[in-house]
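Single-letter residue listing:
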Amino acid sequence: MRPLELLRRVVGADSGVANVIVQIKDSIPNHDSPVPSDPVVMDQKGCVYAPHAAVLRVGQTLKVLNPDGVTHNVNAQPRINTPFNTGMPSFRTEMEQVFDTAEDMAFAIRCDVHPWMGAWLVVLDHPFFAVTDDSGSFSIPNLPAGTYEIEIWHESGGTQTQSITVAEGATAQADFVLSAS
């Protein structure tokens with residue numbers, strides 16, 4: 001896929017931006033939400049990481065797939081967890097990694113064989129997060145009533161925060177405007 005095609009997939013028809021990581025940053029509510037048993041899957045199909053941005057929980061498995069039949073690698077550069085650089089030759093179709101510590105700042109995952117291949121990952125110890133879809137929309141389910149600081153991060157648009165208040169039995173809306181640097 002050519003870079004221009006990738007850009008078209010990131011900005012939607014209504015100028016919504018996909019691949020924005022959204023998380024509650026302070027006053028994290030108490031929760032008894034178990035770590036999902038399903039892995040977060042990142043595919044390297046067509047020499048492109050998909051999804052481009054993802055969030056997983058501490059202790060949840062990251063599964064990286066290589067269906068291409070060519071050599072890739074997974075070069076992850078977390079700041080807190082141990083970095084790794086795992087080769088995925090054509091015969092290795094998947095690898096798994098579990099992160100033991102929360103990292104609320106996005107870190108890069110790259111393929112050194114194909115330098116245009118990149119993705120972003122965040123590891124959290126709570127379930128109050130989302131990644132925007134192609135329309136720029138997101139939902140953080142089961143967020144209890146309260147006032148929170150919500151943060152968004154995008155690789156080109158940077159970080160923004162705002163305060164939201166969720167009333168009992170209601171939903172709240174947060175709108176952000178990103179400017180590409």
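Check the entry above for the structure.
**Describing the overall build of the protein**
And step 1. When helices and strands are counted, the protein shows one helix and twelve strands.
And step 2. Along its sequence from the N terminus, the protein presents helices and strands in the succession α-β-β-β-β-β-β-β-β-β-β-β-β.
And step 3. Radius of gyration (C-alpha) of the protein: 17 Å, near the 16 Å computed for a compact globule of 181 residues.
And step 4. Dimensions of the protein, computed from the C-alpha atoms along their principal axes, are close to 50 × 35 × 25 Å.
And step 5. Relative to its full complement of 181 residues, the protein shows a buried share of 40%.
And step 6. Nonlocal contacts in the protein, meaning residues at least 24 apart in sequence, comprise 55% of its contacts between residues at least 6 apart.
And step 7. A total accessible area of about 9,800 Å² is found for the protein, and carbon and sulfur atoms account for 50% of it.

**Regarding the pattern of salt bridges**
And step 1. Summed over the entire model, instances satisfying the criterion amount to four salt bridges.
And step 2. For Lys-25, the salt bridge is made with Asp-104, and the minimal N-O distance between the two is 2.7 Å. Of this pair, Lys-25 sits in the loop between strand E1 (21–24) and strand E2 (40–43) while Asp-104 is found in strand E8 (residues 103–110), placing the two residues 79 residues apart along the sequence.
And step 3. Overall, Lys-25 belongs to the partly exposed group, its relative accessible area being 25%.
And step 4. A salt bridge links Glu-151 to Lys-25; the shortest N-O distance between them is 3.8 Å.

**Some points on the pairing of strand E12 (residues 158–166)**
And step 1. Note: strand E11 (residues 146–154) against E12, nine bridges, orientation antiparallel. The residue of E12 that forms the bridge with Ile-150 is Gln-162.
And step 2. Counted along the chain from E11 to the antiparallel partner E12, the turn is three residues long.

**Overview of the packing of aromatic side chains**
And step 1. Tallied over the full model, the rule gives three aromatic pairs.
And step 2. Lying over the aromatic face of Trp-120, Arg-110 brings its terminal NZ or CZ to 5.2 Å of the ring centre.

**Focus on unusual backbone geometry**
And step 1. Each neighbour pair has its own omega, and for Ala-50 with Pro-51 the value is 5°, a cis peptide bond.
And step 2. Within the secondary structure layout, Pro-51 lies in the loop between E2 and strand E3 (53–57).
And step 3. Positive phi is not limited to glycine here, since Asn-142 has a value of about 65°.
And step 4. With respect to the helices and strands, the residue Asn-142 is situated in the loop between strand E10 (129–131) and E11.

The rules behind each value
- Counting of residues starts from 1 at the beginning of each chain's written sequence and follows it residue by residue.
- Local features in this predicted model are restricted to residues whose pLDDT is 70 or higher, and side-chain atom pairs enter the listing and the counts only when it is 80 or higher, whereas totals over whole chains, interfaces and linings include all residues.
- Calculated side-chain values reflect all of the structure's heavy atoms, with hydrogen atoms and water omitted.
- A run of H or I in DSSP becomes a helix once it reaches four residues, and a run of E becomes a strand once it reaches two; helices and strands are each numbered from the N terminus.
- All radius of gyration figures rest on C-alpha atoms, and the globule criterion is 2.2 Å times the number of residues raised to 0.38.
- When accessible area is computed with a 1.4 Å probe and restricted to protein chains, residues below 20% of their type maximum are described as buried, those above 50% as exposed, and intermediate ones as partly exposed.
- Working rule for contacts: check all heavy atoms of both residues, and any pair within 4.5 Å makes them a contact.
- Note on areas: Shrake-Rupley with a 1.4 Å probe; residue coverage comes only from the protein chains shown.
- Only one rule defines a salt bridge in this text: a Lys or Arg side-chain nitrogen within 4 Å of an Asp or Glu carboxyl oxygen.
- Pairing between strands requires that DSSP locate at least two bridges from one strand to the other.
- Aromatic contacts are taken between Phe, Tyr and Trp rings whose centres are within 6.5 Å, Trp giving its six-membered ring; a plane angle under 30 degrees counts as stacked, one over 60 as edge-to-face, and the others as tilted.
- Two thresholds decide whether a charge sits over a ring: the Lys NZ or Arg CZ must be within 6 Å of the ring centre and within 35 degrees of the ring normal.

Fair warning: the whole summary comes from geometry, so function is off the table for now.
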